[in-house]
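Coordinate analysis (summary)
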Amino acid sequence: MRASDGQRMREALELARSALATGDVPVGALVLGADGEVLARGVNARERDGDPTAHAEVVALRAAAAARGDWRLDGATLVVTLEPCVMCAGAVLAARVSRVVFGAWDEKAGAVGSRYDVLRDRRLPHRVEVVAGVEEAACAALLRDFFTPLR
């Protein structure tokens, strides 16, 4: 874990809170360049955009690729408040992201260590450094607070 991971996760948490206004699941993501500067930000926008692929990670990766002018995000770090799902883990691999930092575990659909471990699967040509559980309690609490009234 890097010293800045906690700070960047707190920024992602602020983004996640902004998704509440649209009724989307509160997940926030940042893509950082190799120098640690923010290339892009994303929040879940499935409800807002009517797009099943508009997970925070995909939104942020698309914006980072546009900002960089290249789909290859070598050297980049994705910071996200919830463990990526299979779709998002696939997007991370496709973009050649070097590192993923996430907060809360997703025991139902997580693909970075809980349910599956796509990013470190030796059968795939690209592997990603993973840092799990950064600001885990705060990330999990935000999601719990969102879902409790819905159940």
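Residues numbered from 1 in each chain as written. Predicted model: local features only at pLDDT ≥ 70, side-chain atom pairs only at ≥ 80, totals over all residues. Heavy atoms only, no water.

Comments concerning helix α5 (residues 136-147)
Between its terminal C-alpha atoms α5 stretches 17 Å, which fits the 16 Å expected from 12 residues at 1.5 Å a residue. Within the span of α5, buried status applies to Cys 139, Leu 142, Leu 143 and Phe 146. Angularly, the buried residues of α5 cover 90° about the axis, an arc narrow enough to put them on a single face. In α5, those exposed residues whose orientation departs by more than 90 degrees from the buried face are Ala 137 and Asp 145. Those residues of α5 that are buried are in contact with α1 (5-18), β3 (77-82) and β4 (99-104). (Helix = DSSP H or I, 4+ residues; strand = E, 2+ residues; numbered from the N terminus. Expected span 1.5 Å × (residues − 1). Buried < 20%, exposed > 50% of the residue type's maximum accessible area, 1.4 Å probe, protein only. Arc of directions from axis to C-beta. Contact = heavy atoms within 4.5 Å.)

Comments concerning the pattern of salt bridges
Where side chains of opposite charge bring their charged atoms close, a pairing between them can arise. Enumeration over the complete set of coordinates arrives at 10 salt bridges. A salt bridge links Glu 135 to Arg 10, with the shortest nitrogen-to-oxygen separation between them at 2.8 Å. Note that Glu 135 is positioned in the loop between β5 (129-131) and α5 and Arg 10 in helix α1, a separation of 125 residues in sequence. Owing to a relative accessible area of 29%, Glu 135 belongs among the partly exposed residues under this scheme. Owing to a relative accessible area of 42%, Arg 10 belongs among the partly exposed residues under this scheme. Close ionic contact of Arg 120 with Asp 117 constitutes a salt bridge, the shortest N to O distance being 3.1 Å. A network of salt bridges, in which partner residues are shared, links Asp 5, Arg 99 and Glu 129. (Salt bridge = Lys/Arg side-chain N within 4 Å of Asp/Glu carboxyl O.)

As for the pairing of β3
Among the 6 residues in β3, 6 count as buried, and that is most of the element. As paired elements, strand β1 (residues 28-32) and β3 share 4 bridges and run antiparallel to each other. Note on β3: the bridge partner recorded for Leu 32 is Thr 77. The pairing of β3 with β4 spans 5 bridges and is classified as parallel. Following the sheet pairing, Val 79 is matched in β4 by Val 101. (Pairing = 2+ DSSP bridges.)

Remember that the coordinates give geometry; whether it matters functionally is a separate question.
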